[in-house]
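Examination of the molecular architecture
Residue strings, one per chain:
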Amino acid sequence: MPRDEKLDHLRGVPLFARMGTRELERLGELADDVEVGLDRVLAEQGAVGHEFFIVLEGRVMVLDGNTPVTTLGPGEFFGEIALIESVPRTATVRAEGIVRLLVIGHREFHALMDEFPSVRAAVMDAVAERLRRSEGV
Ligand code: CMP
């Protein structure tokens, strides 16, 4: 994807709302942009997780076993729990059609969290909320 287009995508992600252009450019260097097709499994419940994902276009389904939990769309993210808590993937995440994603590796994800406290805060909020729901509290 052309650099400017990537930057526009990053600018539209609420998680990165507090970042300036230079910071978004740096983020663009840390992240890969990928497109996947229907039914592609992006995270598999119980497996080791290596990446953090941000949905740019399309939707993904979050499943607990075969039970749908929710869907996530543009601007939303997943895959953070395994990376932060050092646990296996807590859910399966599957593409609902053609989905464009930003993929950030484990090490880059931690660098991002370290460099940007606003990102860390937003991600930690989501972890708390999602773990609470998966434990039925
Ligand atoms: P992780 O456990 O690494 O891999 C599966 C991902 O699904 C998980 O991180 C979260 O990002 C996401 N996830 C798990 N439970 C929920 C939920 N209740 N609502 C939204 N997303 C979830």
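First, a word on scope: everything that follows refers to the structure included in this document. Keep in mind the model is a prediction, meaning the values are calculated, not measured. (Residues numbered from 1 in each chain as written. Predicted model: local features only at pLDDT ≥ 70, side-chain atom pairs only at ≥ 80, totals over all residues. Heavy atoms only, no water.)

**Quick look at the pattern of salt bridges**
In total, this model carries 10 salt bridges according to the counting rule given. Glu5 serves as the salt-bridge partner of Arg100, at 3.3 Å between the closest nitrogen and oxygen. Note that Arg100 is positioned in strand β8 (residues 99-105) and Glu5 in helix α1 (residues 3-11), a separation of 95 residues in sequence. Judged by relative accessible area, Glu5 falls into the partly exposed class, the value being 35%. Arg120 serves as the salt-bridge partner of Asp114, at 2.8 Å between the closest nitrogen and oxygen. You can call Arg120 partly exposed: its relative accessible area is 34%. Salt bridges sharing common partners tie together Glu5, Asp33, Glu57 and Arg100. (Salt bridge = Lys/Arg side-chain N within 4 Å of Asp/Glu carboxyl O. Helix = DSSP H or I, 4+ residues; strand = E, 2+ residues; numbered from the N terminus. Buried < 20%, exposed > 50% of the residue type's maximum accessible area, 1.4 Å probe, protein only.)

**What about unusual backbone geometry?**
At Asp39, a residue that is not glycine, the phi angle is positive and equals roughly 75 degrees. By the secondary structure assignment, Asp39 is in the loop between β1 (31-36) and β2 (41-43). Take Asp39: its relative accessible area is 45%, and that puts it in the partly exposed class. Notably, Ser86 is not glycine yet its phi reads approximately 50 degrees, a positive angle. Note that Ser86 resides in the loop between α3 (80-85) and β7 (92-95). A relative accessible area of 66% places Ser86 in the exposed class.

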